[in-house]
Amino acid sequence: MIDIKFLRDNPDVVRASQKGRGENVEIVDQIIAADERKRAALTEFETLRQEQNVLSKSVGAAKGDEKTALLANAKELADKVKAADTKRAELEEEAKKLLLQLSNLLDTEAPIGGEEDFVTLEHVGTPRDFAKDGFEPRDHVELGKLLGAIDTERGAKVAGSRSYYLTGVGALLEFALVNYAIQSALKNGFSPVIPPVLVNPAAMEGTGFLGQAAENVYRIEKDDVYLVGTSEVPLAAMHMDEILPAEKLPLRYAGYSTCFRREAGTYGKDTRGIIRVHQFDKVEMFSFCKPEDAKEEHQRLLQWEKEFLTAMEIPFRVIDVASGDLGSSAVRKFDIEAWIPTQGAYREVTSTSNCTEFQARRLNIRYKDADGTKAIATLNGTLVAIPRMIVAILENHQNADGTVNVPAALQPFLGMKKFELV
RNA sequence: GGAGGACUCGCAUAGCGGCCGAGUGCACCGGUCUUGAAAACCGGCAAGGGAAACCUUCGUGGGUUCAAAUCCCACGUCCUCCGCCA
């Protein structure tokens, strides 16, 4: 949710942002009109309410005939107050509903355009030349089978498409990745968190996942709860309706959780292997900071993501995601894409978004310093999403015989230097 | 799942349907005193809207009433006991 006062004063800026995202521009004027109606109704209600408060007090003090007369008046006024209050509530609801549909204001530095219009910021590492090594790389499905690490066939049998088992060294690799990730996060000042993955509508709504992204969310109708697609949701909602002291900022959490995604509308996309699955585990970084520090914090999150990929010895590039491809909460988003040899392409493995005060306003999270109480800024970034990282590691570090070398950083966590064939 | 009890300003608590947006203690902030600190004393101290008057918020949502923290209903959360269970 953006600041309604900002919208009143700068409607052009908001219109431009909506346009840049390829979203509804007219809604800005609808919101302004609804806001005016709402405020008029509020003033009317408050005036009547004040009268009623005064009158009610005099009723309490009055006696006899005087009291009877006052009561008649009061009764009439009470009806008016009730009507005005109903109208106020309706108009407030309407204005809020419209405001919630509005996406966050674009960062002026974010590239404008659709999915294809990203800007590549840098390349780190060089894709390996398998021809020079004298063999054709196997894809992660094949390697996973050879190593006894990934079983997609039984995954499909038991749970349907886009499901899989991590077995043997595959399971061990997940533990190693998680442990390494948590250890680096601790070093960087994060508090480790294992959050609930089943959350209520307020948490889902507040983080902005029930808008355009709603079709990708699993809902347990019977109990009115949702399965989260990322621990961003429970981490952001953790401080819902709270006021944080300024001296505790930035507040950084590293959340480890399972993530559930329906992957609706991705038929035929990445059907092979574990690039796109319904369930996976992820270590997510989440920061609460002062709005003026958000840009710097965003760079820090990106830096930590880069360090992780570098430690995994995987070539990658960093892209500045274009306006039309940002989530509704983000003002700017950087993706890291790892080189996937068998696809001859860079594929997204992590992503970091600056949501400024957008989520915090929806979740009613503020911070307090000497100047008063203000909305806080929230940012999130993937430290490691397990399946995609497994894909990148297996494919990039494979040998001609199908064995896979373990990156040095993970060796202490795995107790082995190489994944052998089973 | 069943039976009881509770939910008030950071924490703890007071609160006869009107004098309660709400007292007290602790914590916190400012001041006096002190070489400094502690203690003592004085003042401040929930949030939102509004230029202000003022309005809203006593778990949430409804209802009764001229008037609700206070009465009624539903839901939520927590606690105790019973049952079941990883």
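This text goes with the structure placed above it.
These notes cover the structure that comes with them.

Conventions adopted
Residues numbered from 1 in each chain as written. Chains lettered and ligands numbered in written order. Predicted model: local features only at pLDDT ≥ 70, side-chain atom pairs only at ≥ 80, totals over all residues. Heavy atoms only, no water. Salt bridge = Lys/Arg side-chain N within 4 Å of Asp/Glu carboxyl O. Helix = DSSP H or I, 4+ residues; strand = E, 2+ residues; numbered from the N terminus. Expected span 1.5 Å × (residues − 1). Contact = heavy atoms within 4.5 Å. Near = heavy atom within 4 Å. Polar contact = N/O pair within 3.5 Å; in protein donor to acceptor, adjacent residues only side chain to side chain. Nonpolar A, V, L, I, M, F, W, Y, C, P; charged D, E, K, R; others polar.

A few words now on the pattern of salt bridges. All chains considered together, the criterion is met by 29 salt bridges. Here Asp-224 makes a salt bridge to Arg-219, at a shortest N to O gap of 3.0 Å. Glu-284 is paired through a salt bridge with Lys-282; the nearest N and O atoms lie 2.7 Å apart. Connected through shared salt-bridge partners, Asp-107, Glu-109, Lys-295, Asp-320 and Arg-332 make up one network.

Glancing now at helix H3 (residues 27–61). Taking 1.5 Å of rise per residue, 35 residues should cover 51 Å, and H3 covers 51 Å from first to last C-alpha, within 8% of that figure. Contacts made by the buried residues of H3 are with helix H1 (4–9), helix H2 (11–21) and helix H4 (64–101).

With that settled, consider the protein's contact with RNA strand B. Lining the immediate environment of RNA strand B, one finds 21 residues, of which Arg-49, Asn-53, Ser-56, Lys-75 and Arg-366 sit closest. Within the side chain of Lys-75, a nitrogen or oxygen atom sits 2.9 Å from a phosphate oxygen of RNA strand B. With respect to RNA strand B, the side chain of Arg-366 contributes an N or O atom lying 2.8 Å from a sugar or linking oxygen. Counting only elements with at least two residues in the surface near RNA strand B, the list comes to H1, H3, H4 and strand E14 (366–369). In terms of residue count, the dominant contributor to the surface near RNA strand B is H3 (nine residues). Across the surface near RNA strand B, the residue classes tally to six nonpolar, six polar and nine charged.

Read these as layout, nothing more, since geometry by itself doesn't imply function.
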